[in-house]
Structures are given as C-alpha cells and as structure tokens.
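Each chain, written out:
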Amino acid sequence: MSAMVQLLPMMEVVYNRKKATYFKMAHSNLRGTHVVAVNHIQAGAVVLIEKALHIQPTKNHPSLSVDPEYQSLIGILDGGSTSAASSTCSSTAHKDAVGRLAELNATAYVQGSKQKDEIWQLEDSHRQARVGDTVKIHGLASEAGKKLNGKYGEISKKDEKDENRFGVMVAMGAKNNKKSKSKSVLRSIKPCNLKTLGGIMRTNAYHDGSLEANLLFKELCRINHACGDAANVNRTIHQGKVYVVAKRDIADGEELLIDYLPLATELGRDRLELLHNMFNFWCQCSEHQQLA
Ligand SMILES: [Zn+2]
C-alpha cells in the first residue's frame, strides 16, 4: 500500500469534519462547464472527495463476444494480417478501432446503470457517432434545433441529401410518461451535435488501478486540464473514490485545474499530441501557450 493510500482515511475524516464549500460549477463558451474556487483555498486542503458515478471494468463486456463488429475490431487491434497497408493507414485503423471498442463497451456497460442520465450529462469532446449508435443531442443553436437539445436518439442512416449529417430517430415522448407511447421523429443532425457514451468515457474517465476499472465522476470530471505545474489540484483514485487536494494556494475565483495525464510525461510537442489524441483538444495551459 502506497504512503498516499494510507493517508486517505484521515483525509476523509478532515473533509467530512470541515464540510467547507470550496468550489462551484461555472459555464462559458470557451471553457465549457468548469470548476471555480469560491473561497481562498489553502495548499494541502482536501477540496473534494467523491464516489464514482460509474465504475466500468477495463476488460471488454462479456456480451460483446457474440458481436461481429467486436470480433473484427479485436482482429485489427491484435495486428491481424499486416498485409500491404501502409503504417499511416494501419495506425489510423488502429486508432479508429480503439474508439469503436470504447463505444461498444460503454454502451454495454452503461445500459443497465441507474446513473445513466447523469452519465449522459458529461461532455463528449470527440463526437464520433456512427450509424447504429445511441446518441444524445447537444448544442443545436437554431430555434427548431434548440427543442431537440437534451433528447436521445439513434442514428439510423447517413443523410441522403447531406453526407455530413446523420438521419437520427429522435425520441420525442415525455420520458416519464409511460401512457403515451414515445414517438420518434427523423431529424438531420451534424455529428458535432451528437454525444455518444464511448465519447463520454474517452473524454472523462479516470483509471482506478485498485479496481482495474475506468471511472466517471459527476464533479471531478468537470475540472479542466492543465499540465504539470500549471495544474493547481492533484487527485488520488482508490477503490472507486477520488480524493482531490490543492497543490498550492488557490485564489477565490480561480479555476481549478488538474493534469489529466497520470504520469510525468514531458512537456512539449509529444505531450500536446498525446492530449490531442486522447481528448481532442490542443492544450493552451500556461506551460503550453506558445507551443499550441
Ligand atoms: Zn499543457
């Protein structure tokens, strides 16, 4: 057991005794939903202890073994036949397969979750929906589109008139009204307005080595990223819980920032590319202002 893990029960006692409010959620176009200090926070303060909203084993969901798409993805990821494909081509195929596998697993694992609605609230920075995926509509700006935001649907096909859009069967019925059979309508929607569960997992999940699982958190997952010394909070994840501690004094009104990468990856171009691959953003933290 690491020294940090031994400290966790004590941190919990301090956190529960103090019951302080350290932060609030904020929204902006530039930062999305993010987390801001509401008081001066002292270095070392336990800012948040939170139980995971969703605990997803890292092993593939057992139900997938009979899915033909899963079989072919495993073939790609295992290297399959190396054939004549160029290395660029096969690495794109590999990246694609990782994304697809995340989608199949997230859908299978989240399906039965009681926290499904809260999981769907989280951001998807990838927006890589495909035909057949279950989606949640988000970010439509037109008057007609706004009515669809927050609704769920299933992608039935590519839009025949516009190949950059999908035909989505949107469930229109009131969610809790069991009497009215929920009605679906076909709407043409761009992928950038469609969240998927796989995208949500890839955007938000933190690994818990003690459970061999990937976790989603309602509050932790709203904290934006900054690299290394530009981050002002640290986290320890253990047995399905996160413990967030201030690395230094944080001023009232300052945004809380956490380093998404678990290990000290070097600052610079490689780190930028890694973050971009994993989370689909170019890091603009104070360590990276000039490099992006
Ligand atoms: Zn950075």
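Residues numbered from 1 in each chain as written. Predicted model: local features only at pLDDT ≥ 70, side-chain atom pairs only at ≥ 80, totals over all residues. Heavy atoms only, no water.

Student: Which parts of the structure should I look at to understand the environment of Leu215?
Tutor: Structurally, Leu215 can be placed in strand 11 (residues 213-216). C-alpha of Leu215 to C-alpha of Leu140: the two residues are 75 residues apart in sequence and 28 Å apart in space. Residues contacting Leu215, with those up to four places away along its chain left out, are Ala52, His54, Ile55, Asn204, Ala205, Tyr206, Asp208, Ile237 and Gly240. (Helix = DSSP H or I, 4+ residues; strand = E, 2+ residues; numbered from the N terminus. Contact = heavy atoms within 4.5 Å.)

Student: I keep staring at the sheet that holds strand 5 (residues 134-137) and nothing clicks. Help me out?
Tutor: Hydrogen bonds along the backbone pair up the strands of a sheet, which may run parallel or antiparallel. One open sheet holds the 5 strands; their spatial order is 8-7-6-5-9, and the pairing between them is antiparallel. In this open sheet, the two edge strands, each paired with only one partner strand, are strand 8 (184-189) and strand 9 (194-195). Summarising the sheet, strand 7 (residues 166-171) and strand 8 pair through 6 bridges and their orientation is antiparallel. Each residue of the ladder has a partner; that of Ala171, found in strand 8, is Ser184. (Pairing = 2+ DSSP bridges.)

Student: For this particular structure, what's the right way to read the sheet that holds strand 10 (residues 206-208)?
Tutor: Spatially, 3 strands are ordered 4-11-10 in an open sheet, and the strand pairing comes out antiparallel. The two strands at the open ends of the sheet, each matched to only one other strand, are strand 4 (54-57) and strand 10. Each strand axis lies, on average, 35° off the axis of its neighbour in the sheet, ignoring direction. Here 4 bridges tie strand 4 to strand 11, and the two strands are oriented antiparallel to one another. Within strand 11, the position partnered with Ile55 by the bridge is Leu215. Across the sheet, helix 6 (residues 197-204) is in contact with strand 4, strand 10 and strand 11; its angle to strand 11 comes to roughly 95°. (Axes fitted to C-alpha atoms, helices over the stretch in contact; angles between N-to-C directions.)

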